[in-house]
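Spelled out from the first residue to the last, the chains are:
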Amino acid sequence: MTSEILSLINILIKPFGEAAAQSSQQEALRAALGSNKSRLQLQLQSDGSLEEVRKRREEVKLAADWFCDETEDVTWSFVQECLLLLLTLTRHLTVELERFQQAPPPSAGRLHTSEMAPPLPPDVLSVSQQKTLAAALQFVVSLGLCPYLAPGVGVPLGRRSAFGAVVETLVNKEAWPPVERRLLITTRVLLQLAELSSVAMLVFTRHLGDVMAALCQLGHQPHRDAHRLSSEESRACKDALRNLLGKVYQPMVIKELLILQGGPKQVQQVGLNVWSCLMPEPGGPFQTITDQNFSSGLLKSGPRGSSSRAGLGPAPAWLRRLCGQLLSECLMQPNGVQAVVRAVLEGGAGGDSDWRKCEAVGRILSACPQQAASGDQYFKLVCPQVLHLLHLQDKLTAQQFQQVATRAVLSMVQERPGLARQYLLDPLLSPLQRCVHSSSAAVGSEVVLEESELTRCLDDVFKIWVVGASPSVTLLTALEEVLPVVFTLFCFTKRSVSHLRAPCQEVLLWFLNHSESSAALSMLQQLSGLKQRRNDVADDFQFSAGSDGGVRLVLRQSCRDEDDQLYEKLSAEQWRLECLMQLLAEVKESDLPGDFFLHLLKDLTTWTAAADEEMRRDEEQMNVAAVTLLEAEHCLLGGAERRAQRLALLQVVAVMTECLQHTQLLRKTSQVVDFMVSLLQRACVGLDVASGPGLGNPVETQTLSMGMGLVATLLSGPQIRAEDYSCMSGLLPPLQTLALQHPDPLVQELASNLRAVIATHGAYRPQDLAAAGAGLGSRDPGGSSKLQREGNISQTPVSTNSRHPEPCQSPGPQGDPDSSSKSLSDWLLEACDPDVPTRAFAMRILTQKVQRKDPEAVQAQEKVLLLLLENLEHEDPFVYLSAIQGLAVLADSHPDQILERLLRDFRLGPSLPSSNKQRSLETRLKVGEVLMRASRAMGELAPHHGRPLLSVFLQGTKDPDQSVRASSLSNLGELCQRLDFALGPLTQELSSCLTALIKTEQEAEVRRAAVHVITLLLRGLSDRTTQVLDEVLLDLYRALKWVVRSDPDQVAVLHAQLALEELDDIMRRFMFPQQKLEKKIVVLP
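Only a predicted model underlies this, so the values are computations on that prediction, with no experimental measurement involved.

Remarks on the overall build of the chain
The number of helices and strands found in the chain is 48 helices and three strands. In the chain, which comprises 1085 residues, the share counted as buried stands at 47%. In the chain, of all internal contacts separated by at least 6 residues, the share reaching a separation of at least 24 is 74%. Per element, the accessible surface of the chain, about 55700 Å² overall, is 52% carbon and sulfur.

Describing helix α2 (residues 25-46)
The end-to-end C-alpha distance of α2 is 31 Å, a good match for the 32 Å that 22 residues give at a rise of 1.5 Å each. Among the residues making up α2, those that are buried are Ala-28, Leu-29, Ala-32, Leu-33, Asn-36, Leu-40 and Leu-44. Projected down its long axis, α2 shows its buried positions confined to an angular sector of 135°, all on one face. Residues Leu-42, Gln-45 and Ser-46 are exposed on α2 and point more than 90 degrees away from its buried face. Those residues of α2 that are buried are in contact with α1 (2-13), α3 (51-63), α4 (74-102), α5 (127-144) and α6 (164-170).

Overview of the pattern of salt bridges
Applying the stated criterion across every chain yields a total of 24 salt bridges. Across the salt bridge formed by Glu-81 and Arg-57, the nearest N and O atoms sit 2.8 Å from each other. Separated by 24 residues along the polypeptide, Glu-81 in helix α4 and Arg-57 in helix α3 bring together distant segments of the chain. In this structure, Glu-81 and Arg-57 share a single accessibility class: buried. Between Arg-421 and Asp-426 there is a salt bridge; the shortest N-O distance is 3.0 Å. Looking at Asp-426, the relative accessible area reads 26%, which means it is partly exposed. Connected via shared salt-bridge partners are Arg-57, Glu-58 and Glu-81.

Some words on the side chain of Glu-1001
Positionally, Glu-1001 belongs in the loop between α44 (987-1000) and α45 (1004-1021). We classify Glu-1001 as buried; its relative accessible area is 14%. The residues touching Glu-1001, leaving out its near neighbours within four places in the chain, are Arg-965, Ala-996, Val-1006 and Arg-1007.

Re the nonpolar core
The tendency in soluble globular proteins is for nonpolar side chains to be buried as a group. Formed by 217 residues in total, the largest nonpolar core has its most connected members in Val-386, Trp-465, Met-656 and Leu-731. Among the elements that take part in this core, helix α8 (residues 197-220) stands out by supplying 13 residues, more than any other. Setting aside residues up to four positions removed in sequence, Trp-465 forms contacts with Leu-425, Leu-428, Leu-429, Leu-475, Leu-476, Ala-478, Leu-479 and Trp-510. Ile-884, Leu-887, Ile-1014 and Ala-1052 belong to the second-largest nonpolar core, a separate cluster that totals 79 residues.

Some thoughts on a nonpolar patch on the surface
On the surface, a cluster of nonpolar side chains totalling about 390 Å² of accessible area is made up of Phe-1070, Met-1071 and Phe-1072. When you line up the elements, Met-1071 lands in helix α48 (residues 1050-1071).

Comments concerning the environment of Ala-712
Of note, Ala-712 is situated in helix α29 (residues 698-715). For Ala-712, a relative accessible area of 0% puts it in the buried group. Distance from Ala-712 to Ala-751, taken between C-alpha atoms, is 9.5 Å for residues 39 residues apart in sequence.

A closer look at the sheet that holds strand β1 (residues 447-449)
What the three strands build is an open sheet, ordered β1-β3-β2; its pairing is antiparallel. For this open sheet the edge positions go to β1 and β2 (541-545), each flanked by a neighbour on one side alone. Across this sheet, the average inter-strand angle for adjacent strands is 45°, counted without regard to direction. Two strands pair when backbone bridges link them, and β1 and strand β3 (residues 551-555) are joined in this way by two bridges, in the antiparallel orientation. Of the residues in β3, the one forming a bridge with Val-447 is Val-554. Across the sheet, helix α20 (residues 473-494) is in contact with β2 and β3; its angle to β2 comes to roughly 40°.

Some thoughts on the pairing of β3
As judged from the five bridges shared by β2 and β3, these two strands associate in the antiparallel manner. Looking at the pairing, Gln-542 lines up with Val-554 of β3. Where β2 folds back on β3, the antiparallel hairpin that results is connected by five residues, among which Gly-549 adopts a positive phi of roughly 85°.

Side note on α48
Since there are 3.6 residues in each turn of an α-helix, residues three or four apart along the chain are aligned in direction. Between its terminal C-alpha atoms α48 stretches 31 Å, which fits the 32 Å expected from 22 residues at 1.5 Å a residue. Looking at α48, one finds that the buried residues are Ala-1052, Val-1053, Ala-1056, Ala-1059, Leu-1060, Leu-1063 and Ile-1066. Here the buried residues of α48 occupy an arc of 140° about the axis, which is enough to place them on one side. On its buried face, α48 is in contact with α45, α46 (1025-1028) and α47 (1033-1046).

Examining the packing of aromatic side chains
Per the counting criterion, the structure on display carries eight aromatic pairs. With a centroid separation of 6.5 Å and an interplanar angle of 35°, the aromatic rings of Phe-487 and Phe-490 are classed as tilted. Of this pair, Phe-487 and Phe-490 both sit in helix α20, separated by three residues, roughly a single helical turn. Summarising the burial analysis for this pair, Phe-487 and Phe-490 share the class buried. We note Lys-926 situated over the ring of Tyr-880; from NZ or CZ to the ring centre the distance is 4.0 Å.

Side note on a negative patch on the surface
A contiguous patch of negative charge on the surface is contributed by Asp-561, Glu-562, Asp-563 and Asp-564. Note that Asp-561 resides in the loop between β3 and α23 (562-585).

So, the confidence of the model for the chain
In this model, the chain carries an average pLDDT of 77, and 81% of its residues clear a pLDDT of 70 or more. Here residues 279-310 is a poorly scored stretch, pLDDT under 50, and it has 72 contacts once near neighbours within four places are set aside; other chains count. For residues 689-696, every residue scores under 50 in pLDDT, and the model assigns this stretch seven contacts once sequence neighbours within four places are set aside.

Side note on the environment of Asp-826
Structurally, Asp-826 is set in helix α35 (residues 824-830). Residue classification places Asp-826 among the partly exposed residues on the basis of a relative accessible area of 32%. Separated by 16 residues in the primary sequence, Asp-826 and Ala-842 place their C-alpha atoms 9.0 Å from one another.

A look at the side chain of Thr-957
Along the polypeptide, Thr-957 turns up in the loop between α42 (942-956) and α43 (962-976). For Thr-957, a relative accessible area of 4% puts it in the buried group. In this view, Thr-957 contacts Arg-965, Ser-968, Leu-969, Cys-993 and Leu-997; residues no more than four positions away in its chain are not counted.

A closer look at the state of the cysteines
The final tally for this structure, using the stated rule, is zero disulfides. In this structure Cys-216 is not part of a disulfide, and its nearest cysteine sulfur, from Cys-323, lies 5.7 Å away. You can call Cys-216 buried: its relative accessible area is 0%.

Considerations on the packing of helix α36 (residues 836-851) against helix α39 (residues 877-893)
At their nearest, the axes of α36 and α39 sit 9 Å apart, and the two run at 10° to each other. Judged by the angle between their axes, α36 and α39 are roughly parallel. From α36, Val-836, Pro-837, Arg-839, Ala-840, Met-843, Arg-844, Thr-847, Val-850 and Gln-851 reach across to α39, where they touch Phe-878, Val-879, Ser-882, Ala-883, Gln-885, Gly-886, Val-889, Leu-890 and Ser-893.

Notes on unusual backbone geometry
Even without glycine at this site, Ala-469 takes up a positive phi of about 50°. Looking at the element boundaries, Ala-469 is found in the loop between α19 (451-467) and α20. Of note, the phi angle at Ser-1022 is positive, near 55°, even though the residue is not glycine. Looking at the secondary structure, you find Ser-1022 in the loop between α45 and α46.

Analysis parameters
- The residue numbers shown here count from 1 along each chain, following its written sequence.
- Local features in a predicted model are, by the rule used here, given only for residues with pLDDT of at least 70; side-chain atom pairs are given and counted only at 80 or more, and totals for whole chains, interfaces and linings are based on all residues.
- Side-chain metrics rest on all non-hydrogen atoms present in the structure, leaving aside hydrogens and water.
- Put simply, DSSP marks the helices as runs of H or I at least four residues long and the strands as runs of E at least two long, and each gets a number from the N terminus on.
- Under the scheme applied here, a residue whose accessible area is under 20% of the maximum for its type counts as buried, over 50% as exposed, and between as partly exposed, the area being computed with a 1.4 Å probe on protein chains only.
- Any two residues having at least one pair of non-hydrogen atoms within 4.5 Å are treated as being in contact.
- Using a 1.4 Å probe, the Shrake-Rupley method yields the accessible areas, and only the shown protein chains count as cover for residues.
- The length a helix should cover is 1.5 Å for every residue beyond the first.
- The directions from the helix axis to the C-beta atoms form the arc being described.
- Any Lys or Arg side-chain nitrogen located within 4 Å of an Asp or Glu carboxyl oxygen qualifies as a salt bridge.
- Buried residues of nine kinds, namely Ala, Val, Leu, Ile, Met, Phe, Trp, Tyr and Cys, make up a nonpolar core once their side-chain atoms join them within 4.5 Å.
- Within the patch definition used here, like charges are joined within 9 Å and nonpolar side chains (Val, Leu, Ile, Met, Phe, Trp, Tyr) within 5 Å, considering only residues with over 30% relative accessible area and no salt bridge.
- Should DSSP find at least two bridges between two strands, the strands are regarded as paired.
- Helix axes are fitted to C-alpha atoms over the stretch in contact, other axes to C-alpha atoms as well, and angles between N-to-C directions run from 0 to 180 degrees.
- The rule is short: rings of Phe, Tyr and Trp, with Trp giving its six-membered ring, pair when the centres are within 6.5 Å, and they are stacked under 30 degrees, edge-to-face over 60, tilted in between.
- Geometrically, a lysine NZ or arginine CZ counts as sitting over a ring once it is within 6 Å of the ring centre and also within 35 degrees of the ring normal.
- Under the convention used here, Asp and Glu are negative, Lys and Arg are positive, and both His and the chain ends fall outside the count.
- Think of each charge as sitting on NZ of Lys, CZ of Arg, CG of Asp or CD of Glu.
- pLDDT is defined as a per-residue confidence score from the predictor, taking values between 0 and 100.
- Count a disulfide wherever a pair of cysteine sulfur atoms falls within 2.5 Å.
- Here is the rule for angles: anything less than 35 degrees is roughly parallel, anything more than 145 is roughly antiparallel, 65 through 115 is roughly perpendicular, and the remaining ranges are oblique.

Here it is in structure tokens:
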């Protein structure tokens, strides 16, 4: 019977062509509605197959106390017929569905397979049947509900389509029953139809807003006419509205409520509704409602209606208040925040409009509604939902949800900082706060904080603080408390590969860039170890690498050895300093690194001034006879603590100057001036010492000279502004002190001139100011005293007992005036001088003479050789490296004589009578270094001179000492890659030696060297590999594969993989040579 009822409904809504003869659209529509109703009555009376449908319809009609046969309004009469047929259909489907549910399951005797679909319930309609039912519902809503809504309630028909205006003028509101009664009847029937799930889907997906508008008007509108509803009917409509809002998908409800509260013009008139900022835009997704039956030609005489894009009209004040109240209630429900966000953002096209919506939702979430008992209760309910938005994994909506959550958090922090800190920031930062307290560890578990929890916390901090980009005092204060933990985590991630490194770095940089200068400097002091650490990771905890590329917090394993504990502590502090410097290097376009550097220099100046006073006070306390042991211990511990702080300060200054560029440390003129002020103040501290600052410490004297020269250069610049002179006024007190108390007259004169130029803002300027500064800066820092200048004492280096003399005592190759006038014998004598710099410099001069083929050096070749071999056994690197360089040059100049002696010493040990036999191994390794350098210098002569070297190196691979074996293999690789085709007769022997060492050698260092020989061999031969190594290439390949598969040493495996890559490139070029387009011209005879 379902098909018969739907066929009758189709008769009612089916357009006919005779309506086109009418004069106007209103007349055509009225005629079509009356004609379709008459056809329906005729079909019911004439068709005997519809007897059952007629009975059901009459039953429904008798039960419907609202049906009126005597109405004069054609549209209402048409709506009544539609409602009767729709009620008949739903009652029939309800009965059939109950029978279907109560029917016993199919008998087991019937054949059923797993592929067979289960039987469909009777309320499932086909596509065409759903289309007919949707059209009937469209007629009911358009003719029986929308025209009777009050002005401003819902979207008028005239703004939905052009043909909707025709429908509004067609309705006769003066006829019986009254308007309010018609609206109540239509709404009640639609709700009855919605009790069936298949019909409810069509009603609420297409007409939810109209039904909600009708219920709002019926239940909450102040009645002023005589036909108003009773209190019971109004209460029933209110309950129906509550029930409807509770069972329908919440984002749809919120979206319709936003439409019902009217257009944006009302924001200026009534500012009490916080939801007014989410008014739908003109022509937005909330406004356009399709009217397919009207626009597709229900009456062919009517023109095709165009969808109106005008904005929503003004809504009544009572409706705006009601919508705001209902929206707030929806928000305060479980998952209400997510429903509001989905309602606002679903269907958005991105761009600026979505950003405005995100900000509007954020402002709404931060405003406490009137329905909430208190702000504390509201934030306690809403804040967890806001944080949940940050963790959504839906790729399509996660980004927008996170934007809303970010804006909401920032709005809450700005509006209610106390409540936001309690219910938002503290729960968000709780994983980082748990790292500080050792009591947060669970009993019986080694894992304190899981990887996923820490990762989620860092992602949330990055989204709120960095992406939000809205610094405030509350955000900075909350982040400052956990920043040491973030920095410790950053240092841990710098040691390995982790996806948390970038978020940690961005969070740290955000704090340093947006916090106040004093707070940033204080935090840098704490992170560098100059202040007591607070809120850092507890001593019982440590970070550990996670399985998914993150980090987890675990209990620290106790270390029994005190030396290991000390080493771990020192290395961790050094690594933290390096990480801090890397972080400061990323602070672009900021004065913070320079300010921190100057702050450290000021502390250093204060320490210099207080050091002597503290030492004298400690001595006085220790000299008192009545002092107790406890007081003495406290005094000693206090002095040790102060010295430790000063050493830490010096370490930070040293690391900063080493890791950061000067352009980052001193970006502005004011920072340069502050640097000079601290430098001059430190120079003034030591002026009270009797010996003077320059006599006892030449480094400080040279530093003072360079600093004053820098000030002179700045003052000699062509463009000095008045602001620069004002900035330099801080130099006046230390310059005056230097001008009055410094013992050097040149320093006094320059300080006085500089002070005069700065005080007069350049009005007084000596002509030789820059030259005087440059001359003072280039003076000898103290190696030549006044007596030496007056007596013209020679600058020849004087032997002393110090192994590290001042740099001025080591003459350069071109700086010594006597280097060209000395004879070879003098240099030979100085090469035996006990002073290390003198001896090393003399050997370098001898090396240059040999390289230039000086006649005296050629004649004294044997003496030079013996001298270099003797110095080769010296323990100082400066000496024996100079000897290695000289022997390499000598072997390159006279290979026949020198190489034979070096090969004998390498094979048998040093042959000099004065050689120390206990250091024979070291000497052999040094000779091996000489042979390697000589092999590199041979070039094209390697095939001629390489045979003896190759033989000795192959013998060295069998030496009992592993270092000699490794050295021989290293030299063998350097030599083999230069022999080219001369290596052909020796390939079998070389291959046998290398493969045997690879497979049988026990020392990993030697196996690495053997594999490296193959790498160098392949790299040197390149495309000639297949010709030179054709007989042994397969053996070498198998040896390399054996290393990759079986060798336990990872470094050897890495070398083998590199060798296989070289071999792979060679064979690819051999098998697939590069195609060259060449044109050859052949001259025929």
